[in-house]
Amino acid sequence: MRKFMLITQHLNTYRRAILSLPKHKAWRKEELLTDDLLMARSGKLEVYYAPHNEYFNPLAKIMIIGLTPGFAQMRIAIQAVKAALEKGLCVEEACRQAKEKARFAGSMRSNLMDMLDAINLHKYLNTSSSSELFHAQQSLLHTTSMLRFPVFMNKKNYSGAHPGLMSSQMLKKAALAYVEEEIQLTNAALIIPLGKTVESALNILIKEGKLDENRCLWGFPHPSGANGHRHKQFALHKERMRNKLTEIQW
């Protein structure tokens, strides 16, 4: 099996739009949330293109699933892929570089690594810290989102509510199709869903017989700084998650 692959190749569609972006990199929303990068729209709900979730690591031991990339991750991913394409790199390599730079970028990544260390995940992966999953040991990790491409409601990051993920036919169809495809391609990875919205969606796949519940580490909060309840949620489930890791055949 290849070390990495592209599961979609939308970058070829949006390549010209990305390369035509202004040279400066501090793009504002009005420069990226444009019709040139628009993938779908339903009322005030919009899906835009970002390249990093097109890259897939089928050999990963850990699969972390968020809800959807936010604007910050979208901008970082497009910055990275634009720079890579301008250097003449191939689409696969450009998406790989975008993935490494954009996934859970910022304080989210720090929060995520702190919580992963607190449940001792790194010990089962023979690494000194979960931070290595984002650096020297990236081959162990696959990150993705229920909604593979950035979703916005009224031009604001979609939070999973108003509308609920499963109450929007556009989002529900996309979410379940995307994650089912990736789960099937990583049939040995431990799945860590981030937050209750992602857990609820995965439970639909479990009920449909498309996902083994034992592959999932339940109770992990979304690491976003906007989630003010994450510390309480994590403390509530930390010991159960630690115990779950001891039961896995690594």
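Let us look at the structure shown here. Since the structure is predicted, the reported quantities are computational estimates derived from the model, not experimental observations.

Looking only at helices and strands, one finds nine helices and nine strands in the protein. In terms of overall dimensions, the protein is globule-like: its C-alpha atoms have a radius of gyration of 17 Å, near the 18 Å expected for 250 residues. Structurally, the protein occupies a C-alpha span of about 50 × 40 × 35 Å along its principal axes. Per-residue burial over the protein gives 54% buried out of 250 residues.

Once that is clear, we can look at the pairing of strand β2 (residues 38–42). Here β2 pairs with strand β3 (residues 45–48) via four bridges, running antiparallel. Of the residues in β3, the one forming a bridge with Ser-42 is Leu-45. Counting the residues between successive antiparallel strands, the hairpin from β2 to β3 contains two residues, one of them, Gly-43, with a positive phi of roughly 65°.

For the rest of this paragraph, the subject is the side chain of Glu-199. Inspection of the secondary structure puts Glu-199 in helix α8 (residues 196–207). No salt bridge is formed by the buried Glu-199. Its closest oppositely charged neighbour is Arg-240, at 6.4 Å. Once you skip the residues sitting within four places of it in the chain, Glu-199 turns out to touch Pro-193, Trp-218, Gly-219 and Phe-220.

A full pass over the atoms with the stated rule returns 14 salt bridges. Residue Glu-100 pairs with Arg-96 through a salt bridge whose shortest N-O separation is 2.4 Å. On the criterion of helical spacing, the pair formed by Glu-100 and Arg-96 is a turn pair, its members being four residues apart in helix α4 (residues 91–102). Between Glu-180 and Lys-210 there is a salt bridge; the shortest N-O distance is 3.6 Å. Separated by 30 residues along the polypeptide, Glu-180 in helix α7 (residues 169–185) and Lys-210 in the loop between α8 and α9 (230–247) bring together distant segments of the chain. One salt-bridge network, held together by shared partners, links Asp-35, Arg-41, Glu-46 and Lys-155.

Reading across from one edge, β6-β5-β9 is the order of the three strands in this open sheet, with parallel pairing throughout. A strand with exactly one partner marks an edge of an open sheet, and here the two such strands are β6 (141–145) and β9 (190–193). With strand direction ignored, the average angle separating the axes of adjacent strands in the sheet is 20°. Against the sheet, α7 contacts β5 (62–66), β6 and β9, and its axis sits at roughly 175° relative to β5. Here α8 sits on the sheet and contacts β5 and β9; the angle it forms with β9, its principal contact strand, is near 130°.

Procedures and definitions
Residues numbered from 1 in each chain as written. Predicted model: local features only at pLDDT ≥ 70, side-chain atom pairs only at ≥ 80, totals over all residues. Heavy atoms only, no water. Helix = DSSP H or I, 4+ residues; strand = E, 2+ residues; numbered from the N terminus. Rg over C-alpha atoms; globule rule 2.2 N^0.38 Å. Buried < 20%, exposed > 50% of the residue type's maximum accessible area, 1.4 Å probe, protein only. Pairing = 2+ DSSP bridges. Lys, Arg positive; Asp, Glu negative; His and termini not counted. Salt bridge = Lys/Arg side-chain N within 4 Å of Asp/Glu carboxyl O. Contact = heavy atoms within 4.5 Å. Axes fitted to C-alpha atoms, helices over the stretch in contact; angles between N-to-C directions.

All quantities given are derived from atomic positions and should not be read as evidence of function.
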